[in-house]
Amino acid sequence: MLELFKKISNTRLSKQNQIIIAVLALCLLIYFLSSSLMNLNNNVGNLKKENAITISRIEFLAAIGEQEISSKSAFSSNFASSVNSSAKVNKLKIDRTLPLSNNEISIWINESNFIDLFNWLLEINNNGVEITKMSIRRISREKVSAQLTFKS
């Protein structure tokens, strides 16, 4: 094998063969560069979409605080149980509930679907519940954990 390599390396290539090899090497280089560029463009497009979704979610959550709530609903009567029952309806499992002072409760939700959590936040906000603190962490592509404090 070593002798074959030595023979090939000692062989002189004609001018025409050198040009063919150079053109082939150039074509390979262009192919790899263009495929890398296309891959980067796809990644940039995906990141732009993710950023747009994240920004729209942040804008929504910011808008929740700016909305005026004209009337209190049945949530006000038995606040903690209303929050728990509406969470179950929206396929959320509340892991821990902690009553606080001033008619506030703090809840922990682990491994829930973000869309279900988002829809639930919309629902309880429309029912006159104020979100005073919120911490949402991404666990996987679709699952999140949240710690929320509500005031009725």
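Everything quoted here is computed from the prediction, not taken from an experiment.

## Considerations on the pattern of salt bridges
Next up, step 1: Evaluated as defined, the whole model comprises one salt bridge.
Next up, step 2: Here Lys-93 ties to Asp-95 by a salt bridge, and the two come within 2.9 Å at their closest N and O atoms.
Next up, step 3: In this structure Lys-93 comes out as exposed when scored by relative accessible area, which is 57%.
Next up, step 4: Overall, Asp-95 belongs to the partly exposed group, its relative accessible area being 34%.

## What about the sheet that holds strand β3 (residues 130-138)?
Next up, step 1: In space, the four strands of this open sheet follow the order β1-β2-β4-β3, with antiparallel pairing throughout. Sheet topology places β1 (94-100) and β3 at the edges, where each strand pairs with a single neighbour. The average undirected angle you get between the axes of adjacent strands in this sheet is 15°.
Next up, step 2: For strand β2 (residues 104-113) and strand β4 (residues 143-151), the ladder comprises eight bridges, and the chain directions are antiparallel. Each bridged residue has a counterpart across the sheet, and for Glu-104 the counterpart in β4 is Lys-151.
Next up, step 3: Strand contacts of helix α3 (residues 79-89): β1, β2 and β4, with the helix running at about 10° to β2, the strand carrying the most contacts.

## Considering the pairing of β1
Next up, step 1: By the bridge criterion, six bridges tie β1 to β2 in an arrangement that is antiparallel. Paired with Pro-99 across the bridge in β2 is Ile-105.
Next up, step 2: Connecting β1 to the next strand, β2, in antiparallel fashion are three residues, including Asn-102 with a positive phi near 60°.

Reading guide: rules and limits
- Residues numbered from 1 in each chain as written.
- Predicted model: local features only at pLDDT ≥ 70, side-chain atom pairs only at ≥ 80, totals over all residues.
- Heavy atoms only, no water.
- Salt bridge = Lys/Arg side-chain N within 4 Å of Asp/Glu carboxyl O.
- Buried < 20%, exposed > 50% of the residue type's maximum accessible area, 1.4 Å probe, protein only.
- Pairing = 2+ DSSP bridges.
- Helix = DSSP H or I, 4+ residues; strand = E, 2+ residues; numbered from the N terminus.
- Axes fitted to C-alpha atoms, helices over the stretch in contact; angles between N-to-C directions.
- Contact = heavy atoms within 4.5 Å.

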